[in-house]
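Structural overview for review
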There are 2 protein chains.
Amino acid sequence: MGEFDLIARFFTRTPRAGGPVRLGVGDDCALLQASPGTQLAISSDMLVEGRHFLSTVDPARLGHKALAVNLSDLAACGATPVAFTLALALPRADARWLEPFAQGLLALADAHGCELIGGDTTQGPLNLCITVMGEVPVVDGRSQALLRSGARPGDDLYVSGTLGDARLALEVFRGTQNLPGPAFEAARARMECPTPRVALGQALRGIASAAADISDGLVGDLGHILRRSGVGASIDAERALSLLAARSGPENLGLDDDTALGLVLAGGDDYELVFTAPAAAREAVQAASRNSLTPVTRIGRIEKQPGLRLLDARGQLMDRRDESFDHFK
Amino acid sequence: MGEFDLIARFFTRTPRAGGPVRLGVGDDCALLQASPGTQLAISSDMLVEGRHFLSTVDPARLGHKALAVNLSDLAACGATPVAFTLALALPRADARWLEPFAQGLLALADAHGCELIGGDTTQGPLNLCITVMGEVPVVDGRSQALLRSGARPGDDLYVSGTLGDARLALEVFRGTQNLPGPAFEAARARMECPTPRVALGQALRGIASAAADISDGLVGDLGHILRRSGVGASIDAERALSLLAARSGPENLGLDDDTALGLVLAGGDDYELVFTAPAAAREAVQAASRNSLTPVTRIGRIEKQPGLRLLDARGQLMDRRDESFDHFK
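Residues numbered from 1 in each chain as written. Chains lettered and ligands numbered in written order. Predicted model: local features only at pLDDT ≥ 70, side-chain atom pairs only at ≥ 80, totals over all residues. Heavy atoms only, no water.

What about the overall build of chain A?
What chain A contains, in helices and strands, is eleven helices and 13 strands. Against the compact-globule benchmark of 20 Å for 329 residues, chain A has a radius of gyration of 20 Å, which places it among compact chains. Taken along the three principal axes of its C-alpha coordinates, chain A extends 65 × 55 × 35 Å. Residues counted as buried form 59% of the 329 residues belonging to chain A. For chain A, the proportion of contacts with a sequence separation of at least 24, taken over those separated by at least 6, is 82%. Just so you have it, chain A exposes about 12,800 Å², and 49% of that area is on carbon and sulfur atoms. Each charge class in chain A was averaged separately, 32 positive and 40 negative side chains, and the resulting centres sit 5 Å apart. (Helix = DSSP H or I, 4+ residues; strand = E, 2+ residues; numbered from the N terminus. Rg over C-alpha atoms; globule rule 2.2 N^0.38 Å. Buried < 20%, exposed > 50% of the residue type's maximum accessible area, 1.4 Å probe, protein only. Contact = heavy atoms within 4.5 Å. Areas by Shrake-Rupley, 256 points an atom, 1.4 Å probe, with all protein chains shown as cover. Lys, Arg positive; Asp, Glu negative; His and termini not counted. Charge placed at Lys NZ, Arg CZ, Asp CG, Glu CD.)

What follows is the structure, given as structure tokens:
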């Protein structure tokens with residue numbers, strides 16, 4: 001199978017009639033006509049074998065994850081997915097791998113109406129690079145995109161879904177943790193098959209004051225919001241602990257608080273949203289959560305004092321240093 | 001140096017005021033507001049060490065080339081460059097490599113007003129993935145983008161600049177060819193530092209009937225035009241031979257016609273434009289060439305009969321099989 005057969009067989013689709021994609025895979029460029037009254041939100045993520053996924057991962061799950069981590073960036077901006085390009089370095093052109101990979105990728109793309117419009121394939125160490133484009137409304141000349149820079153002292157601090165379970169699964173693979181079979185499979189699904197919070201991001205437009213997606217861990221990604229907004233925050237440790245799905249079942253699974261808190265605060269690979277909203281918007285946030293079928297938890301608040309503080313059940317400052325994931329540390 | 005220091009130090013720039021980039025590097029997404037009356041042309045290219053460049057290449061030239069091969073796709077559509085994302089897998093964060101790489105990349109970006117708006121950095125085998133975006137006018141509801149599908153029987157067939165010299169340099173590196181020092185340096189510059197024909201592409205809007213960029217060799221990329229247009233072509237071998245810069249100097253450099261023709265027809269890595277235009281547009285093509293300061297050569301014509309034919313000086317069919325480069329062959 002040659003390069004162009006591979007593209008034709010697995011990655012060529014007809015653009016949806018009447019949509020913003022005017023020309024898809026097959027020319028030097030794709031052509032995109034943004035809807036009137038919108039601007040484009042654009043993000044790129046690259047996934048490398050052994051770093052973002054294990055070499056043994058199910059290719060269908062990998063296809064899903066490669067797009068999911070990109071859709072998560074659109075979600076963090078409140079954008080509606082439109083299109084994506086896929087660049088793929090493969091050790092070899094293996095149809096038994098490419099077919100399920102493409103299925104997993106395109107199933108998620110279809111679920112979000114996000115069209116594959118182009119890309120590149122080449123021989124090389126396995127590497128997946130996706131660039132995703134979404135639309136954000138512009139109302140009265142103002143972009144409705146959620147940014148990292150809008151958090152204000154007094155705002156509530158929220159997280160969607162659950163945190164820490166992806167990292168817990170990775171630690172089981174690494175042999176530093178043990179989990180019963182069903183709990184491991186659940187955590188593993190979080191690691192290999194994350195859910196981008198696209199509907200929640202869109203529902204939070206005009207409500208959230210700031211948002212980011214959690215890819216490098218809560219501490220790190222919340223840190224981006226705090227620095228760009230020029231504020232600090234405090235987090236309620238009990239509420240943070242409740243975010244680890246592996247602890248919310250009937251069993252405690254033998255995870256002590258300290259370990260569990262580390263997973264929640266600095267686990268990484270979660271692809272949930274961390275966001276802020278004025279206290280007056282609590283009902284609106286709950287409505288956005290219900291309408292998008294996405295649970296959200298209020299875990300703390302934004303404060304004037306810079307830095308991030310963790311408070312115990314009695315409101316006392318806890319002494320911890322949780323760092324975010326850094327690819328070059 | 002951590003991931004975020006690296007981005008801040010080498011890859012963060014302030015978007016040009018009043019331009020289409022409304023938010024650059026530093027949030028979950030960049031924001032782009034396309035100019036009224038335009039659509040976006042989008043393309044991705046991935047470069048892998050050992051396949052698209054040698055591990056010994058000057059990092060400044062590599063930065064140039066990574067963007068140049070993407071701008072070449074915009075050129076083939078007649079698009080005006082606007083912005084790009086850069087995803088980078090690096091074995092290590094080495095400032096002595098990153099600094100010249102970023103300089104080479106951003107010097108070409110600045111020369112084309114193409115802004116770096118986002119991307120990703122991760123640890124892994126060296127891999128560069130760029131997604132580039134450009135604007136194409138839409139006039140009376142019709143896109144002015146040059147496509148591969150518009151060639152018609154009777155059209156003239158043109159190529160910009162020179163062909164085959166990049167491959168000649170690669171063959172010197174491989175030890176299958178020898179060149180005197182200055183000729184080698186000239187050929188090597190073509191391989192490592194290609195010139196995207198952006199100004200020519202824009203000048204050909206409304207004149208060329210079809211266009212593609214030559215990355216996998218003339219035979220292969222012209223083949224895309226022929227298939228998508230449902231036509232064939234004949235090429236004048238003498239004119240094709242004149243495209244090899246290494247043969248146009250005072251010395252013949254010992255390259256026989258057969259070898260030289262192979263380099264021109266199937267060399268690859270040229271990043272010139274192959275395009276077609278009605279015979280009535282010859283003056284307009286020459287004007288586009290002059291105005292864009294880009295030489296073009298008429299090398300043949302489009303015919304109704306499918307396939308590609310090579311004609312000798314007497315107009316006789318030559319028997320050759322030149323194939324295009326395929327990453328999985």
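We are not done yet, so read on.
A few points about the sheet that holds strand β10 (residues 232-236) of chain A
Strand pairing in a sheet takes place through backbone hydrogen bonds and is either antiparallel or parallel in direction. All names here are of chain A. Across the sheet, six strands lie side by side as β9-β11-β8-β12-β10-β13; this open sheet has mixed pairing. Sheet topology places β9 (210-214) and β13 (307-311) at the edges, where each strand pairs with a single neighbour. With strand direction ignored, the average angle separating the axes of adjacent strands in the sheet is 25 degrees. Relative to strand β11 (residues 272-277), β9 runs antiparallel, the two sharing five bridges. In the sheet register, Ala 212 faces β11, and the bridge partner there is Val 274. Lying on the sheet, helix α7 (residues 218-229) is in contact with β8 (156-160), β9, β10, β11, β12 (296-303) and β13; it crosses β9 at an angle near 155 degrees. (Pairing = 2+ DSSP bridges. Axes fitted to C-alpha atoms, helices over the stretch in contact; angles between N-to-C directions.)

Things to note about the interface of chain A and chain B
Listed per partner, the contact involves 68 residues of chain A and 68 residues of chain B. Summing both partners gives a buried area of about 5,200 Å² for chain A against chain B, and 58% of it is carried by carbon and sulfur. Seen at the junction of chain A and chain B, the total is four salt bridges. Of the charged contacts in the structure, one is a salt bridge between Arg 148 of chain A and Asp 27 of chain B, with a shortest N-O distance of 3.9 Å. Taken together, the connections running from chain A to chain B amount to 27 residue pairs in polar contact (both at pLDDT 80 or more). A per-element tally of the side of chain A that touches chain B places strand β3 (residues 38-48) of chain A first, with ten residues. Among the residues forming the side of chain A that touches chain B, the class breakdown is 35 nonpolar, 19 polar and 14 charged. (Buried area = accessible area lost by both parts, 1.4 Å probe. Salt bridge = Lys/Arg side-chain N within 4 Å of Asp/Glu carboxyl O. Polar contact = N/O pair within 3.5 Å; in protein donor to acceptor, adjacent residues only side chain to side chain. Nonpolar A, V, L, I, M, F, W, Y, C, P; charged D, E, K, R; others polar.)

Let's talk about the side chain of Arg 148 of chain A
Its place among the elements puts Arg 148 of chain A in the loop between β7 (142-143) and β8. Of note is the side chain of Arg 148 of chain A, whose polar atom sits 3.0 Å from the backbone oxygen of Gly 26 of chain B. Polar side-chain contacts of Arg 148 of chain A include one of 3.3 Å to the side chain of Asp 28 of chain B. In this structure Arg 148 of chain A touches Ala 210, Ala 211, Ala 212, His 224, Ile 225, Arg 228 and Ser 229 of chain A together with Gly 26, Asp 27 and Asp 28 of chain B, once residues within four positions along its chain are discounted.

Remarks on helix α3 (residues 95-111) of chain A
Residues and elements named next belong to chain A. Helix length check: α3, at 17 residues, gives a terminal C-alpha distance of 24 Å against a target of 24 Å (1.5 Å per residue), a fit within 8%. Along α3, the positions that sit buried rather than exposed are Trp 97, Leu 98, Pro 100, Phe 101, Ala 102, Gly 104, Leu 105, Leu 106, Leu 108 and Ala 109. As for α3, its buried residues are in contact with α1 (3-10), α2 (59-77), β4 (80-90), β5 (115-123) and β6 (127-139). Put simply, Asp 94 is the residue that caps the front of α3, since its side-chain oxygen is 2.9 Å from the backbone nitrogen of Arg 96. Among the residues trailing α3, Gly 113 stands out with phi positive, at a value near 60 degrees. (Expected span 1.5 Å × (residues − 1).)

Observations concerning the packing of aromatic side chains
All names here are of chain A. Throughout the structure, instances matching the rule amount to ten aromatic pairs over all chains. Summarising the aromatic geometry, the rings of Phe 11 and Phe 101 are spaced 6.4 Å apart at their centres and angled 75 degrees between planes, so their arrangement reads as edge-to-face. Of this pair, Phe 11 sits in the loop between α1 and β1 (21-23) while Phe 101 sits in helix α3, and the two are 90 residues apart along the sequence. With respect to burial, Phe 11 and Phe 101 carry one shared label: buried. Between Tyr 158 and Phe 275, the ring centres sit 5.0 Å apart and the planes meet at 5 degrees, which makes this aromatic pair stacked. One end of the pair, Tyr 158, is in strand β8; the other, Phe 275, is in strand β11, and 117 residues separate them in sequence. No difference in accessibility class separates Tyr 158 from Phe 275, as the two residues are buried. Here a set of aromatic residues connected by ring pairs shows up, and it is made of Phe 10, Phe 11, Trp 97 and Phe 101. (Phe/Tyr/Trp six-rings, centres within 6.5 Å; stacked < 30°, edge-to-face > 60°.)

Digging into the pairing of β4 of chain A
Residue and element names in this part refer to chain A. Most of β4 sits out of view: ten of its eleven residues are buried. Where β4 meets β5, eight bridges bridge the pair, whose relative direction is parallel. In the strand pairing of β5, Ala 87 is matched with Asp 120. Handedness of the crossover is the feature at issue here: the chain leaves β4, passes through α3, returns alongside β5, and the resulting connection is right-handed. (Right-handed = clockwise from strand over helix to strand, strands pointing away.)

Looking at the relation of the copies chain A and chain B
If you rotate chain A by 180 degrees and push it 0.0 Å along the axis, it lands on chain B with an RMSD of 0.0 Å. Here the two chains are linked by the operation of a two-fold rotation axis. (Least-squares fit on C-alpha atoms with pLDDT ≥ 70 in both.)

Here we look at unusual backbone geometry
Residue and element names in this part refer to chain A. The phi dihedral of Asp 140 is positive, around 50 degrees, even though this residue is not glycine. Here Asp 140 lies in the loop between β6 and β7. On the basis of relative accessibility, which here comes to 78%, the residue Asp 140 falls in the exposed class.

So, the sheet that holds strand β8 (residues 156-160) of chain B
Residues and elements named next belong to chain B. Spatially, the six strands line up as an open sheet ordered β9-β11-β8-β12-β10-β13, and their pairing is mixed. Edge positions in the sheet fall to β9 (210-214) and β13 (307-311), since each of these pairs with one other strand and no more. Adjacent strand axes in the sheet meet at a mean angle of 25 degrees when their direction is disregarded. Bridging between β8 and strand β11 (residues 272-277) involves four bridges; their strand directions are antiparallel. Its bridge partner being in β11, Asp 156 is matched across the sheet by Ala 277.

Here's the deal with the pattern of salt bridges
Using the criterion set out here, one finds 34 salt bridges over all chains in the structure. Note that Arg 96 of chain A is salt-bridged to Asp 94 of chain A, the shortest N-O span being 3.5 Å. By relative accessible area, Arg 96 of chain A is classed as exposed at 70%. Notably, a salt bridge pairs Glu 192 of chain B with Arg 61 of chain B, separated by 2.9 Å at the nearest N-O pair. With a gap of 131 residues between them, Glu 192 of chain B in helix α5 (residues 181-192) and Arg 61 of chain B in helix α2 (residues 59-77) connect regions that are remote in the sequence. Overall, the relative accessible area of 6% leaves Glu 192 of chain B in the buried class. Classification of Arg 61 of chain B as partly exposed rests on a relative accessible area of 23%.

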